[in-house]
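Here is how the chains run, residue by residue.
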Amino acid sequence: MIRMVDLDEEPDAVPGAGIVIATGTRFDTAHAEHWLQHATFTLTETDSPDRRVITVPSVAQACSDIAERCRRWPQAAAICDDVLRAVDPAAPAFTGVVTESLAYSVLQAGPEFADWLARRGPATVPEAGDPVLMDRDGDTLRLRFNRPQRHNAFDNATRAVLLDGLAVAAADTAIDEVVLSGAGPSFCSGGDLAEFGGFTDVASAHLARTRHSPALALDALTARLGARCRADIHGQVLGSGLEMAAFCGRVRAHPATVLGLPELSLGLIPGAGGTVSVTRRIGRWRTAYLVLSGRTIDAPTALRWGLVDEIATLR
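Residues numbered from 1 in each chain as written. Predicted model: local features only at pLDDT ≥ 70, side-chain atom pairs only at ≥ 80, totals over all residues. Heavy atoms only, no water.

Going by the annotation in an unreviewed UniProt entry, the name recorded for the chain is Enoyl-CoA hydratase, with Mycolicibacter longobardus given as the source organism.

Describing the pairing of strand β6 (residues 140-145)
Residues in a regular strand point their side chains to alternate faces of the sheet. Relative to β6, strand β5 (residues 132-137) runs antiparallel, the two sharing 6 bridges. The residue of β6 that forms the bridge with M134 is L143. Between the antiparallel neighbours β5 and β6 lie 2 residues, among them G138 with a positive phi of about 65°. Sheet topology note: the β6/strand β7 (residues 177-182) ladder contains 6 bridges and is parallel. Across the sheet, R142 pairs through a bridge with V179, a residue of β7. Once the chain exits β6 it traverses helix α6 (residues 156-171) before rejoining the sheet at β7, and the crossover so formed is right-handed. (Pairing = 2+ DSSP bridges. Helix = DSSP H or I, 4+ residues; strand = E, 2+ residues; numbered from the N terminus. Right-handed = clockwise from strand over helix to strand, strands pointing away.)

Digging into unusual backbone geometry
A positive phi angle is found at H151, which is not glycine, with a value near 50°. Tracing the backbone through its elements, the reader meets H151 in the loop between β6 and α6. Residue H151 is classed as partly exposed on the basis of its relative accessible area, which comes to 27%. (Buried < 20%, exposed > 50% of the residue type's maximum accessible area, 1.4 Å probe, protein only.)

Quick word on the pattern of salt bridges
Under the criterion given, the structure shown has 20 salt bridges. D232 serves as the salt-bridge partner of R252, at 3.1 Å between the closest nitrogen and oxygen. With a gap of 20 residues between them, R252 in strand β10 (residues 250-253) and D232 in strand β8 (residues 229-233) connect regions that are remote in the sequence. For D232, a relative accessible area of 17% puts it in the buried group. (Salt bridge = Lys/Arg side-chain N within 4 Å of Asp/Glu carboxyl O.)

Concerning the sheet that holds strand β9 (residues 236-238)
Read from one edge to the other, the open sheet built from 3 strands follows the order β9-β11-β12, with strand pairing classed as mixed. With one partner strand each, in any of the chains shown, β9 and β12 (297-298) form the two edges of the open sheet. Bridge count between strand β11 (residues 258-260) and β12: 2 bridges; the pairing is antiparallel. Paired with L259 across the bridge in β12 is I297.

Observations regarding the nonpolar core
One finds F41, L43 and I233 to be the most contacted residues of the largest nonpolar core, which totals 78 residues. By residue number, the principal contributor to this core is helix α10 (residues 274-293), which donates 9 residues. Two domains each provide a minimum of three residues to this core, namely domain 1 (2-70) and domain 2 (93-276 + 298-311). If near-sequence neighbours (up to four positions away) are discounted, L43 is found in contact with I21, A22, T23, G24, I54, V56, V59, A62, C63, I66 and Y289. (Core = buried A, V, L, I, M, F, W, Y, C linked by side-chain atoms within 4.5 Å. Domains from an automatic or database assignment. Contact = heavy atoms within 4.5 Å.)

Quick word on the packing of aromatic side chains
As enumerated under the stated definition, the model contains 5 aromatic pairs in all. Ring centres of F41 and Y289 lie 5.7 Å apart, and the angle between their planes is 90°; on these two criteria the pair is classed as edge-to-face. Of the two residues, F41 is situated in strand β3 (residues 41-44) and Y289 in helix α10; the sequence distance between them amounts to 248 residues. Y289 carries the same exposure label as F41, and that label is buried. (Phe/Tyr/Trp six-rings, centres within 6.5 Å; stacked < 30°, edge-to-face > 60°.)

Here it is as structure tokens:
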């Protein structure tokens, strides 16, 4: 399922379906350029500013770990690679979100997600107060996730209130700044796992994701406000939390922020627009690495990659 190639290999035809991991240290040859462009991503142990390349402490260990994850969740891994190659980050966000959601729906109905649900067992979502706090200060609208006891895990109630807040910002053109943040120890740790599997009608779930999408609402606000549609992130910024933040025109991170896309371990791919928003910021190669490796990155790495725009200065 996974093809390992060396950057110095003679290039052949453009790879078809399948994950390709390139390795090497020389990036200045025609052979290297071929694989840098067409591989799923390239691993190296030397520093490189190339967004198609990920620097790791040990290439051998990284390849082994990623291969093991792809063997465990082969369908999700292959579909992730397919979607990232298919989505054009320069195109309107809606087309990419639809592509992502259709693939996500396929995996929701598949055996890898079913296996995860069986291992998780029954789960209940604890009741909480207002899941999102809204505060308007002059022409600035602040939206703050407010499930701190769950690290602001994103559930259906949070989605509904967030959409209401974003609709206010969209309708009132006097609002010239929107700030998204989170209460408690984390900005947003991703989808609330206790809710996963509760919606068994995958066709209806696809329509809900694409017709009532915080990602698309944030994308539209960013188109209007630019950097004045801002996410202030801290703590755990995972899964849908990272995907939504990446749609904002500017992302400011606390120095101790941890960022990642852990969906593969559920037999899924990012489903909140991340194949569009994260790819726009760091390219499909590093996005694929985050998903397939399951690794998290720190704020300085996220800044170097362009996943965040600023690291907050602590006082």
